[in-house]
Amino acid sequence: MTEKEEKLQKKYLEFQMLDQQIKQLDQQNTALNNQLMELMATKQSLDDMEKLKEKTEILVPLSSGIYAKAELKDNKNFIVNVGANTTLVKDINSTKKLMETQIDEMKKLQETLVNQLQEQTTKAAMMEQEINTIASALQNK
C-alpha cells in the first residue's frame, strides 16, 4: 500500500468517525427539540389553566391518547416534581417561572448543540474534499 493510499484510508476512517458524531449530535438535537416542545406545551397549558374557573370539567391525560374527565378543584397551586421522588406545592407563578427557566436552559443547550453540529458538518465537508482530492490523485496515476 502506498503512502497516499494509507493517507486516504486514514482520512476515510476519520471521516466515518466524524459522520457518526454528526449523526449522534443530530439525534441529540432532535431529542432536545422534542423536550423543548413539550416544555412549551406545558407552559401554554399553565397559561390556559390559569384562565379556567374552579369546578370546570377538564380532561386529564393518563397516557398518550388516553384521558379521564375530572373537575378542577384548584388552578392556583400545582404539585411539582423537583427530583429524587420529591414533590412540592408551588403556586402558578412559581410553576410558570420554573417552566420558563427550563425552556431558557433547553434553548441554550440546543444552541450549543447546533453550533457543534455546524462545526462538525463544516469539518466533514472539508475532510470529504480532501478525501476526493487524494482519491482523484490515486486514480490519475
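The rules behind each value
- In this numbering scheme, every chain counts its residues from 1 along its sequence in written order.
- Note on the predicted model: pLDDT of at least 70 is required for a residue's local features to be given, and 80 or more for side-chain atom pairs to be given and counted; whole-chain, interface and lining totals, by contrast, use all residues.
- Note that the side-chain values use all heavy atoms of the structure and ignore hydrogens as well as water.
- Numbering of helices and strands runs from the N terminus, with a helix taken as a DSSP run of H or I at least four residues long and a strand as a DSSP run of E at least two residues long.
- This radius of gyration counts C-alpha atoms alone. The globule rule is 2.2 Å times how many residues there are, raised to the power 0.38.
- Relative accessibility under 20% of the residue-type maximum defines a buried residue, over 50% an exposed one, and the middle range a partly exposed one, all with a 1.4 Å probe and only protein chains included.
- Per-residue accessibility takes into account occlusion by the displayed protein chains alone, with areas from the Shrake-Rupley method and a 1.4 Å probe.
- Lys and Arg are tallied as positive, Asp and Glu as negative. Neither His nor the chain termini are counted.
- For the purpose of locating charges, the reference atoms are NZ of Lys, CZ of Arg, CG of Asp and CD of Glu.
- The salt bridge definition used is simple: a Lys or Arg side-chain nitrogen within 4 Å of an Asp or Glu carboxyl oxygen.
- Residue contacts are counted whenever heavy atoms from the two residues lie within 4.5 Å of one another.

Participant: Describe the overall build of the protein, with residues and values.
Facilitator: The secondary structure content of the protein amounts to two helices and four strands. Listed N to C, the secondary structure of the protein is α-β-β-β-β-α in terms of helices and strands. Radius of gyration (C-alpha) of the protein: 25 Å, far over the 14 Å computed for a compact globule of 141 residues. Along the first, second and third principal axes, the C-alpha atoms of the protein reach 85 × 30 × 25 Å. The burial tally for the protein puts 23% of its 141 residues in the buried class. With an accessible surface of roughly 10800 Å², the protein has 51% of that area assigned to carbon and sulfur atoms. The centroid of the 19 positive side-chain charges in the protein is displaced by 3 Å from the centroid of its 22 negative side-chain charges.

Participant: Describe the pattern of salt bridges, naming the residues involved and giving the relevant values.
Facilitator: Under the criterion given, the structure shown has seven salt bridges. For Asp 47, the salt bridge goes to Lys 96, with nearest N and O atoms at 3.0 Å. A residue pair is termed long-range when its members are at least 10 positions apart, and Asp 47 in helix H1 (residues 3-51) and Lys 96 in helix H2 (residues 92-139) qualify at 49 residues. The pair formed by Asp 47 and Lys 96 is uniform in burial state, with each residue classed as buried. Through salt bridges with shared partners, a single network forms among Lys 43, Asp 47, Glu 50, Lys 96 and Glu 100.

Participant: Could you give an account of the side chain of Gln 110, with specific residues and numbers?
Facilitator: Inspection of the secondary structure puts Gln 110 in helix H2. According to the relative accessible area criterion, Gln 110 is buried, its value standing at 14%. Beyond its immediate sequence surroundings of up to four residues, Gln 110 is in contact with Asn 29, Leu 32, Asn 33 and Leu 36.

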